[in-house]
Amino acid sequence: MLNYNDIIKDDNKDLRLKCEPVDLPLSSEDLSYLLSMNEYLEKGYEEDSEKKYNIRPGVGIAAPQIDVLKRMFVIFAYDENDVEYHFGVINPKIISYSEELTYLPSGEGCLSVDRVCQGLIHRPKRIKVEFDYYDFETGKCERITARLKNYIAVVFQHEYDHLNGILFYDHINKDNPMYVPENSTPIKFK
Ligand code: ZN
């Protein structure tokens, strides 16, 4: 089982590499990576997960974070309306972005970044994406297109960035970390 020590941190240069596409159907090796990333996120929702399993909870984890340089990640998150999103994402493409931006008022965090990075990250508020959707309940995998907005769009883009060697703090305005562009509005949680 994966724990926090298995997640590579941002002093590891592998996190800066561009990942390779995943061959489909999934090989048993790739499937096992996907399942263990999912297990990590699931366990993170259990009480005392840090003490019990040495897991720092997260809402998304990308394969390069366990040093597997392939284009896949897992999301297990609840959006600003408490709607659950839980699936594997394989070979994603972001087809289009809104001009309107959004941001998390408290900034973003990352399992690979072991410190607080002050600053806001503004991302497109709505995205249209295409990816192979892996359903952990049925084991089914199918190519879908979807429109995502607000919190889930932010999580998706954060994980997607990992596949291209980009970390969230790369997006922080260095001269003015708390800068808010005119076209950006905060995500409001219920
Ligand atoms: Zn991250």
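Residues numbered from 1 in each chain as written. Predicted model: local features only at pLDDT ≥ 70, side-chain atom pairs only at ≥ 80, totals over all residues. Heavy atoms only, no water.

Draft legend 1. Just the sheet that holds strand S3 (residues 84-97), in detail. Taken together, the 5 strands give an open sheet; going across it, the order is S1-S2-S3-S6-S7, and neighbouring strands pair in antiparallel fashion. If you trace the sheet from one side to the other, it starts and ends with strand S1 (60-62) and strand S7 (141-149), each paired once. The sheet shows a mean angle of 35 degrees between the axes of neighbouring strands, taken without regard to direction. Inspection of the sheet shows S1 paired to strand S2 (residues 72-78) by 3 bridges, in the antiparallel sense. Bridge assignment links Ile61 to a residue of S2, and that residue is Val74. (Pairing = 2+ DSSP bridges. Helix = DSSP H or I, 4+ residues; strand = E, 2+ residues; numbered from the N terminus. Axes fitted to C-alpha atoms, helices over the stretch in contact; angles between N-to-C directions.)

Draft legend 2. Representation of the coordination of the zinc ion. Protein coordination of the zinc ion is provided by Cys110 (SG), His158 (NE2) and His162 (NE2), with donor distances spanning 2.1 to 2.2 Å. The buried category is assigned to His158, whose relative accessible area is 8%. Residue class for His162 comes out buried when judged on its relative accessible area of 1%. (Donors = N, O, S within 2.8 Å, 3.2 Å for Na, K, Ca; no water. Buried < 20%, exposed > 50% of the residue type's maximum accessible area, 1.4 Å probe, protein only.)

Draft legend 3. Structural detail: the pairing of strand S6 (residues 126-134). In the sheet, S3 pairs with S6 via 7 bridges, with the strands oriented antiparallel. Paired with Ile94 across the strands is Val129, a residue of S6. Relative to S7, S6 runs antiparallel, the two being bridged by 9 bridges. Directly across from Phe131, in S7, lies its bridge partner Ile144. Between the antiparallel neighbours S6 and S7 lie 6 residues, among them Gly139 with a positive phi of about 75 degrees.

Draft legend 4. Highlighting the environment of Asn5. Inspection of the secondary structure assignment puts Asn5 in the segment before helix H1 (28-44). Placed 50 residues apart in sequence, Asn5 and Ile55 show a C-alpha to C-alpha distance of 8.5 Å.

Draft legend 5. Broad picture of helix H3 (residues 150-163). Taking 1.5 Å of rise per residue, the 14 residues of H3 would be expected to cover 20 Å, and the 21 Å separating its terminal C-alpha atoms lies within 8% of that figure. The buried fraction of H3 amounts to 14 of the 14 residues, a majority that puts the element mostly inside the structure. At the C-terminal side of H3, Gly165 shows a positive phi close to 75 degrees. (Expected span 1.5 Å × (residues − 1).)

Draft legend 6. A look at unusual backbone geometry. Here the residue pair Leu24 and Pro25 is connected by a cis peptide bond, since its omega of -5 degrees sits within 30 degrees of zero. Its place among the elements puts Pro25 in the segment before H1. Not every positive phi belongs to a glycine, and Asp67 is a case in point at roughly 65 degrees. Relative to the elements of secondary structure, Asp67 occurs in the loop between S1 and S2.

Draft legend 7. Representation of the packing of aromatic side chains. Scanning the model with the defined rule gives 11 aromatic pairs in all. Between the aromatic rings of Phe131 and Phe156, the centroid separation amounts to 5.5 Å while the plane-to-plane angle is 50 degrees, which identifies the pairing as tilted. Taken as a pair, Phe131 in strand S6 and Phe156 in helix H3 lie far apart in primary sequence, 25 residues in all. Measuring from ring centre to ring centre gives 5.6 Å for Phe168 and Tyr169, while their planes differ by 70 degrees; the resulting arrangement is edge-to-face. For the pair Phe168 and Tyr169, one class covers both residues: buried. Among the aromatic residues, ring-to-ring pairing joins Phe73, Phe87, Phe131, Tyr133 and Phe156 into one connected group. Of note, Lys9 hangs over the ring of Tyr4, and the distance from its end group to the ring centre comes to 4.0 Å. (Phe/Tyr/Trp six-rings, centres within 6.5 Å; stacked < 30°, edge-to-face > 60°. Lys NZ or Arg CZ within 6 Å of the ring centre and 35° of its normal.)

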